[in-house]
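Take a look at the letters that make up each chain.
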Amino acid sequence: MTATPVMIAVAGLFGLLVGSFLNVCIYRLPLGRSVVFPPSACGSCQRPLRWFENIPVVSWLVLGGRCARCKARISAQYPIVELVTGVLFAATVALTPVGPLLAARLLFGAALIVLFAIDLEHQILPNVITLPGVVVGLAFALVAPPGWRASLIGAAAGGGVLYAIAAGYYYLRHEDGLGMGDVKMLAMIGAFLGWQLMLLTLVLASLSGALVGVALIVSQRGSMKYALPFGTFLAVGAVVAMLAGQPMVDWYLGFY
Ligand SMILES: [Zn+2]
C-alpha cells in the first residue's frame, strides 16, 4: 500500500512531536539523566515549560529563540532536530509500505538522529541506544526485511569489521582512531539494514568523513589529528542507505 499525501503529512507532524522527545534524549542521555522525568524546563532558570512553550518549532519561532521568563537564548538545535525528525518521518512513510518494516525504520531513524547529535557534541555513542538497538534490529528482522540471516551477518560483520580496523589502527599508531561506540553503532546498523546496506553505510560514512576532513584541513579549521566524530557520519550514511540504498546496491551489482 502506497502512502497518501494525508498519511505523509500526518507522519511529518508525528515526527515533529517525536523530535521534541529526541531533543530531551540528546540533552539528558550524556548527563545520565532520566528522559521521562522531570518534565522539560528552561536550561537557565529551570522553570518548567508550559504546554504552549513546548510546541515543536512553533514555540521556538514565536518566542524568538528565548525563554519566555528569563530571556536566555534557546539553542536553534531544538527546532532543527524537530524539523529533521519531521522530514525524516514523512520521507520514510512516503518510501516504505505500511507494516513492520515501517515501524523498524521509524525507530531506527529516531535512534540515528539521537546518535548523530550526541556524537557531534560529546564524541560519545551511548550504549543505552546502540546495544538495545542491535537486539531490536535483529528482532524486527524476524518479521521484516532484510530477514534474520542478512541481519545477523550485518550485525556480526558490522561490529567485526570496525573492531578489526580499530584494533589495527591502535596496533600501528598506538592511539585510538575509532571508539568502541562506533563498533557497536555499526553492529546496530547491520542488524537493522542487513550486511549489504551496512557496507554501503560504511562506504558513504568514510567518503563523507574524508570530504569533510579535507575541507576542514583546507580551511585550516582542523589539523590531520582533528578527530571527527565518525558516528555522526555513520548516522548520515545509514539514513541514506535506508531510504535510497537498495537502488544504489542494485545499480552497482548491475556492472557484474
Ligand atoms: Zn528561563
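Everything numeric here is computed off the predicted structure, so don't read it as measured data.

(A) A look at the overall build of the protein chain. When you go through the protein chain residue by residue, the secondary structure sums to eight helices and zero strands. Taken from the N to the C terminus, the helices and strands of the protein chain come in the order α-α-α-α-α-α-α-α. The C-alpha radius of gyration of the protein chain comes to 19 Å, within 12% of the 18 Å expected for a compact globule of 256 residues. Projected onto its principal axes, the C-alpha coordinates of the protein chain cover approximately 60 × 50 × 35 Å. Long-range pairs, those at least 24 residues apart, make up 68% of the contacts in the protein chain with a sequence separation of at least 6. In the form shown here, the protein chain has an accessible surface area of approximately 14,100 Å², with 72% of it arising from carbon and sulfur atoms.

(B) Representation of the coordination of the zinc ion. Coordination of the zinc ion by the protein is provided by Cys42 (SG), Cys45 (SG), Cys67 (SG) and Cys70 (SG), with metal-donor distances spanning 2.3 Å. Considering all four donor atoms around the zinc ion, angles at the metal cover 105 to 114° and the coordination shape is tetrahedral. Site description for the zinc ion: donor spacing in sequence, C-x2-C-x21-C-x2-C. One end of the pair, cysteine 45, is in the loop between helix H1 (5-28) and helix H2 (58-62); the other, cysteine 70, is in the loop between H2 and helix H3 (77-95), and 25 residues separate them in sequence.

(C) Looking closely at a nonpolar patch on the surface. On the surface, Trp51, Phe52, Ile55, Val58, Val62 and Leu63 cluster together into a nonpolar patch covering about 620 Å² of accessible area. On the secondary structure map, tryptophan 51 appears in the loop between H1 and H2.

(D) Main features of the nonpolar core. Ranked by size, the top nonpolar core spans 51 residues in total, and within it Phe108, Ile189 and Leu234 carry the most contacts. When contributions to this core are tallied by element, the ones reaching two or more residues are H1, H3, helix H4 (100-122), helix H5 (127-140), helix H6 (148-173), helix H7 (180-218) and helix H8 (230-253). Per-element accounting of this core gives the leading share, 15 residues, to H7. When residues no more than four places from it in sequence are discounted, the contact partners of leucine 234 are Leu162, Asp182, Met185, Leu186, Ile189, Thr201, Leu202 and Ala205.

(E) Spatial organisation of the packing of H1 against H3. In contact at an axis separation of 6 Å, H1 and H3 are set at 140° when each is read in the N-to-C sense. Put simply, H1 runs oblique to H3. The two elements H1 and H3 meet at a crossing, and its hand is right-handed. Of the residues that constitute the contact of H1 with H3, the class distribution is 16 nonpolar, eight polar and one charged.

Reading the values: the criteria
Residues numbered from 1 in each chain as written. Predicted model: local features only at pLDDT ≥ 70, side-chain atom pairs only at ≥ 80, totals over all residues. Heavy atoms only, no water. Helix = DSSP H or I, 4+ residues; strand = E, 2+ residues; numbered from the N terminus. Rg over C-alpha atoms; globule rule 2.2 N^0.38 Å. Contact = heavy atoms within 4.5 Å. Areas by Shrake-Rupley, 256 points an atom, 1.4 Å probe, with all protein chains shown as cover. Donors = N, O, S within 2.8 Å, 3.2 Å for Na, K, Ca; no water. Tetrahedral: all angles 85-135°; square planar, octahedral: opposite > 155°, others 65-115°. Patch = residues over 30% accessible without salt bridge, like charges linked within 9 Å, V, L, I, M, F, W, Y side chains within 5 Å. Salt bridge = Lys/Arg side-chain N within 4 Å of Asp/Glu carboxyl O. Core = buried A, V, L, I, M, F, W, Y, C linked by side-chain atoms within 4.5 Å. Buried < 20%, exposed > 50% of the residue type's maximum accessible area, 1.4 Å probe, protein only. Axes fitted to C-alpha atoms, helices over the stretch in contact; angles between N-to-C directions. Parallel < 35°, antiparallel > 145°, perpendicular 65-115°, else oblique. Left-handed = near helix turned anticlockwise from the far one by under 90°. Nonpolar A, V, L, I, M, F, W, Y, C, P; charged D, E, K, R; others polar.

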